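The lines below spell out each chain.
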Amino acid sequence: MKSYAEWKQLSHDISFRDKAYINGRFQPSQRGQTFPSINPTNEALLANVASCDDADVDIAVANAKAVFESGVWSQMAPAKRKEIMLRWADLIEAHHDEFAILDTLDMGKSISEMVAVDVPDTIDCFRWTAESIDKVYGDIAPTNKDVLALITHEPVGVVAAITPWNYPLMMVSWKLAPAIAMGNSVILKPSEKAPLSALRLAELASEAGLPDGVLNVLPGFGHTAGKALALHMDVDVLAFTGSTRVAGMLMEYAGQSNLKKVWLEAGGKSPNIIFDDCDDIVKAARTSAAAIFSNQGEVCIACSRIYVQKGIKEAFLSALKEAAQAYRTGDPLDPETRMGPMVDAAQLNTVAHYIQSALDQGATLATGGLPDYTEGKGFYAKPTIITDADNSMTFVQEEIFGPVLAVCEFETEGEAIALANDSRYGLGAAIWTANLSRAHRVSRQLKSGMVWVNTWGEGDSTVPFGGVKASGNGRDKSIHSLEKYTSMKNVWIRI
Ligand code: NAD
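What you see is a predicted model, and the numbers here were worked out from it, not measured in a lab. (Residues numbered from 1 in each chain as written. Predicted model: local features only at pLDDT ≥ 70, side-chain atom pairs only at ≥ 80, totals over all residues. Heavy atoms only, no water.)

K.L.:
Account for the domain arrangement of the chain, with residues named and values stated.
P.N.:
Looking at the assigned domains, one finds that the chain contains domain 1 (4–266 + 472–494) and domain 2 (271–461). Here the C-alpha centre of domain 2 lies 30 Å away from the C-alpha centre of domain 1. Taken together, the contact pairs 29 residues of domain 1 with 34 residues of domain 2. Taken together, the two surfaces of domain 1 and domain 2 that pack against each other cover about 2,500 Å², and 55% of this comes from carbon and sulfur. For the interface between domain 1 and domain 2, the tally reads 1 salt bridge. One salt bridge connects K193 with D344, and the closest N-O pair in it is separated by 3.1 Å. (Domains from an automatic or database assignment. Contact = heavy atoms within 4.5 Å. Buried area = accessible area lost by both parts, 1.4 Å probe. Salt bridge = Lys/Arg side-chain N within 4 Å of Asp/Glu carboxyl O.)

K.L.:
Give me the lowdown on the nonpolar core, citing residues and values where you can.
P.N.:
Counting residues in each nonpolar core, the largest one holds 98 residues, and the members touching the most others are W88, L176, I180, L215 and L320. Top contributing element to this core by residue count: helix 6 (residues 168–181), with 10 residues. Among the domains, domain 1 (4–266 + 472–494) and domain 2 (271–461) are the pair contributing at least three residues each to this core. In contact with I180, other than residues within four places in its own chain, are W73, R81, M85, W88, V186, L210, V214 and L215. Judged by nonpolar contacts, the second largest core, of 29 residues, contains A381, F395, I400 and A416. (Core = buried A, V, L, I, M, F, W, Y, C linked by side-chain atoms within 4.5 Å. Buried < 20%, exposed > 50% of the residue type's maximum accessible area, 1.4 Å probe, protein only. Helix = DSSP H or I, 4+ residues; strand = E, 2+ residues; numbered from the N terminus.)

K.L.:
Tell me about the site of the ligand, and name the residues and values.
P.N.:
The environment of the ligand is formed by 30 residues, the closest being T163, E192, S243, A266 and E399. T163 places a main-chain nitrogen or oxygen 2.8 Å from an oxygen atom of the ligand. Within the contact set of the ligand, an oxygen atom lies 3.3 Å away from a backbone nitrogen or oxygen of G242. Contact with the protein chains removes 92% of the 850 Å² of surface that the ligand exposes when unbound. Breaking the shell around the ligand down by element, the ones donating at least two residues are helix 8 (222–231), strand 10 (237–241) and helix 9 (244–256). (Near = heavy atom within 4 Å. Polar contact = N/O pair within 3.5 Å; in protein donor to acceptor, adjacent residues only side chain to side chain. Areas by Shrake-Rupley, 256 points an atom, 1.4 Å probe, with all protein chains shown as cover.)

K.L.:
Describe in detail the sheet that holds strand 15 (residues 384–387), supporting the description with residues and values.
P.N.:
Overall, mixed pairing links the 7 strands, which are arranged 14-15-16-13-12-18-19 in an open sheet. Since the sheet does not close on itself, it has two edges, and those belong to strand 14 (364–367) and strand 19 (450–453), each with one partner. Strand after strand, the sheet turns through a mean of 25 degrees between neighbouring axes, direction not considered. Looking at chain direction, strand 18 (residues 428–432) and strand 19 are connected through 4 bridges and run parallel. Counterpart to G428 in the pairing with strand 19 is M450. Against the sheet, helix 12 (residues 345–360) engages strand 14, strand 15 and strand 16 (404–410), with an angle of about 20 degrees to strand 15. Along the sheet, helix 14 (residues 413–421) contacts strand 12 (271–274), strand 13 (305–309) and strand 16; its crossing angle with strand 16, the most-contacted strand, is approximately 145 degrees. (Pairing = 2+ DSSP bridges. Axes fitted to C-alpha atoms, helices over the stretch in contact; angles between N-to-C directions.)

K.L.:
Can you break down the pairing of strand 10 residue by residue, with the values?
P.N.:
The element strand 10 is extensively covered by neighbouring structure, given that 5 of its 5 residues are classed as buried. Judged by which residues are buried, strand 10 turns out to be covered on both faces: V237, A239 and T241 on one side and L238 and F240 on the other are all buried. Here 4 bridges tie strand 7 (residues 158–162) to strand 10, and the two strands are oriented parallel to one another. Considered in strand 10, the bridge of V159 is made with V237. Pairing of strand 10 with strand 11 (residues 261–265), which is carried by 5 bridges, proceeds in the parallel orientation. Paired with L238 across the two strands is V262, which belongs to strand 11. Handedness of the crossover joining strand 10 and strand 11 through helix 9: right-handed. (Right-handed = clockwise from strand over helix to strand, strands pointing away.)

K.L.:
Just give me the short version of the UniProt feature "domain: Aldehyde dehydrogenase" (unreviewed entry) in the chain, but keep the residues and values in it.
P.N.:
UniProt marks residues 29–491 with the feature "domain: Aldehyde dehydrogenase" (unreviewed entry), using the numbering shown here. Between the first and last C-alpha atoms of residues 29–491 the distance is 43 Å; the span itself is 39% helix and 19% strand. (UniProt positions renumbered as here; feature names shortened; annotations may be inferred.)

K.L.:
Please set out the side chain of S461 residue by residue, giving values where relevant.
P.N.:
Within the secondary structure, S461 is located in the loop between strand 19 and strand 20 (468–469). Beyond its immediate chain neighbours, meaning those up to four positions away, S461 contacts D124, C125, W128, K477 and S478.

K.L.:
Give me the UniProt feature "active site" (unreviewed entry) in the chain: which residues, what numbers.
P.N.:
UniProt's feature table lists "active site" (unreviewed entry) at E265, given in the numbering used throughout. Mapped onto the fold, E265 is located in strand 11. Beyond its immediate stretch of four places on either side in the chain, E265 contacts K175, F240, T241, G242, F465, G466, S471, G474, R475, D476 and K484.

K.L.:
Tell me about the packing of aromatic side chains, and please be specific about residues and values.
P.N.:
Given two aromatic rings, their pairing is described by the distance between the two centres and the angle made by the two planes. Per the stated rule, a full pass over the model turns up 9 aromatic pairs. On the basis of an interplanar angle of 55 degrees and a centroid distance of 5.6 Å, the ring pair of F293 and Y327 is categorised as tilted. Here F293 is found in helix 10 (residues 281–293), whereas its partner Y327 is found in the loop between helix 11 (313–324) and helix 12, with 34 residues between them in sequence. The same class applies to F293 as to Y327, namely buried. (Phe/Tyr/Trp six-rings, centres within 6.5 Å; stacked < 30°, edge-to-face > 60°.)

Here you go:
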């Protein structure tokens with residue numbers, strides 16, 4: 001790992017791509033608009049980035065559609081597509097430090113997390129998906145023998161990917177890798193709060209040999225570029241990661257336009273159940289702290305609701321408070337920093353609002369508390385634990401997307417399951433128990449896309465990622481993600 005001084009030096013030397021990337025070249029937005037990209041650590045301007053809207057969307061979609069129909073990528077042999085995507089992954093790896101710095105500067109994630117998680121996960125996502133392209137087979141249906149019915153998986157056409165800012169590079173890779181691998185053309189609209197790594201990624205795609213127009217990046221706002229994409233009649237698939245509020249709007253836009261397929265990876269309020277038969281309370285406490293404080297709590301699968309069984313509550317809470325102390329805030333370029341700033345002032349205000357509402361509704365502050373903000377010094381929140389919480393409180397029900405942990409108590413297994421399921425979300429859930437039967441019994445009953453037993457946040461390219469209920473309907477990663485970007489076709493041949 002490089003030292004703080006080395007990362008700081010590298011960050012001074014870095015340059016930013018700040019234009020839209022359409023048809024293999026950078027260009028200003030059609031109307032010449034820009035928006036500022038701010039470093040949340042010191043509130044300094046990083047770049048004025050092209051702000052795209054419907055004018056840019058029309059051009060990019062028309063071009064992406066023409067490229068798709070030309071067959072230059074959509075009809076290319078899978079093995080050849082794989083070669084180009086593997087070269088792309090190699091280029092990302094060659095620029096590993098640059099990508100780590102880009103997201104750290106743009107949204108405040110600690111450099112140590114970028115190096116340990118985001119960049120390697122991104123490289124692996126591209127490599128693993130590339131390797132899977134030439135392993136996707138069609139079927140022959142068991143029909144009468146005088147016909148032959150072929151079932152194939154065809155690329156769909158133009159995919160619009162709309163992504164959030166909390167894992168800028170990684171969330172983009174979870175969409176781009178499978179969509180492009182399957183032969184589609186893609187328009188990516190990264191979050192306006194962290195667009196810089198996506199633009200660099202597109203440039204490297206061209207360097208790797210991806211034909212012009214297969215990947216286009218339109219930075220801009222949701223209500224302009226995002227909405228125009230979602231309403232566009234020539235966009236065939238919408239792949240979204242972001243809030244549940246916007247996810248609902250995208251379903252409406254699809255209904256108002258061409259019934260494009262809409263894949264949603266949305267918000268979460270994941271429960272974390274600590275049973276009194278858990279065999280390592282300290283480990284459970286440390287992992288529970290990581291599950292809410294890593295990436296400043298700006299994590300969709302953050303376990304922001306703890307349900308701890310009455311008998312071990314005090315012991316667990318004391319270990320949890322100790323574990324929270326390790327989350328030192330600081331400059332995210334310092335490898336020792338465990339918590340960087342929140343992405344912007346609005347997110348910091350949201351954190352403050354929910355802490356205040358918890359206290360107003362009768363919960364108790366155990367550690368942390370309201371942020372001490374000084375203008376120009378970054379949007380820092382404190383790792384906050386709030387006890388005496390229950391499901392009737394707003395901050396236990398709503399997604400905060402910050403380092404605020406609610407601790408509630410339960411007595412019986414049935415009660416824990418009911419409390420955990422009493423949420424509009426269903427993304428992740430964690431259980432701590434040494435009892436194997438209980439682990440299976442409880443995981444089966446949790447209404448959640450992912451369950452972690454005696455751990456949290458495990459995942460790799462082989463396993464799908466996604467939720468149920470208001471957490472969405474799609475799955476990123478794994479072989480299953482490819483299905484989102486293909487349509488099934490049958491061809492009947494009379495023999
Ligand atoms: P957001 O919904 O505000 O924005 C996400 C994207 O949608 C951005 O690119 C934004 O510009 C765009 N957008 C906003 N309004 C739009 C509109 N009207 N039309 C089209 N596009 C629009 O979410 P965010 O604040 O960027 O990200 C945080 C949210 O993302 C949290 O709720 C978090 O749980 C969720 N998230 C989910 C997953 C998952 O896999 N389920 C992963 C990461 C983040």
